[in-house]
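# Coordinate inspection notes
So the chains spell out like this:
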Amino acid sequence: VTGVQTCALPISGPGVIGEFITSSVVASSAISLSSGVVVSITSIALTPGDWEVTAQTGFVPAATTNIGYLTSGTHSVSAAFGADSTLVQTSLNQVTNVVNQFVVVPTIRVNISSAQTQFLNAKSAFSTSTLSVYGNISARRIR
């Protein structure tokens, strides 16, 4: 088969299996970080149900920024990591020469009986210059 094949699926509405919620902060609006401080990048409001939540972050260093580690994850609390966080931490210990660094957060299942906000949070240890972060969090209702 040649060419591109597409399949159009109906978009599910609120409360329906397949409902999709997303929120993004783009690179041009990246949030400044302070070394060792957790920040909230963006969030989504989930209604009761069973959800799959996934996220991605991009870290934007200045030319001389020396990054020790990058951490990104989802959590039910803003600007925090805790027992229900899904975290990914990457150790770099290098000057990045203005190469954006990306972290993909593993998909998690969130089953809630009352409304809850899921936050995309990030933290980094760095020195010498500046670092900012942007990203996307999304959820799909699975039941």
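Refer to the structure above for everything that follows.
Attention here is on the structure that accompanies the text. All chains use their own residue numbering, which begins from 1 and follows the written sequence. Side-chain atom pairs in this predicted model are given and counted only at pLDDT of 80 or more, local residue features only at pLDDT of at least 70, and totals for whole chains, interfaces and linings cover all residues. Hydrogens are left out, water is left out, and the side-chain values use all remaining heavy atoms of the structure.

## What about the nonpolar core?
Generally speaking, a soluble globular protein has its nonpolar side chains buried in company with each other. As used here, the term nonpolar core means buried Ala, Val, Leu, Ile, Met, Phe, Trp, Tyr and Cys residues forming a set that is joined through side-chain atoms within 4.5 Å. In this scheme, a residue with accessible area under 20% of its type's maximum is buried, one over 50% is exposed, and one in between is partly exposed, where area comes from a 1.4 Å probe on protein chains only. Grouped together as the largest cluster of nonpolar side chains are 27 residues, with contacts concentrated most on L46, W51, V53 and F59. If you list the elements that add at least two residues to this core, you get β1 (20–25), β3 (39–46), β4 (49–61), β5 (66–75), β7 (101–112), β8 (116–127) and β9 (131–141). Only heavy atoms enter the contact rule, under which two residues are in contact if any of them lie within 4.5 Å. The contacts of L46, once residues within four sequence positions are left out, are I21, W51, V53, V110, I112, A115, Q116, Q118 and A139. Under the scheme used here, helices are H or I runs from DSSP no shorter than 4 residues and strands are E runs no shorter than 2 residues, and both carry numbers assigned from the N terminus.

## Some remarks on unusual backbone geometry
A positive phi angle, near 50°, is found at A79, a position not held by glycine. Secondary-structure assignment places A79 in the loop between β5 and β6 (86–95). Residue classification places A79 among the partly exposed residues on the basis of a relative accessible area of 36%. Even without being glycine, T128 reaches a positive phi, approximately 80°. Within the secondary structure layout, T128 lies in the loop between β8 and β9.

## Let's talk about the pattern of salt bridges
Counted as salt bridges are all cases of a side-chain nitrogen of Lys or Arg within 4 Å of a carboxyl oxygen of Asp or Glu. A full pass over the atoms with the stated rule returns 3 salt bridges. With a shortest N-O distance of 3.0 Å, E19 and R141 are connected by a salt bridge. You can see E19 sitting in the segment before β1 and its partner R141 sitting in strand β9, a full 122 residues away along the chain. Look at R141 and you get buried, because its relative accessible area is 5%. Among the ionic pairs, D50 bridges to R143, the shortest N-O distance being 2.8 Å. Here D50, found in strand β4, pairs with R143, found in the segment after β9; they are 93 residues apart in sequence, far enough to count as distant.

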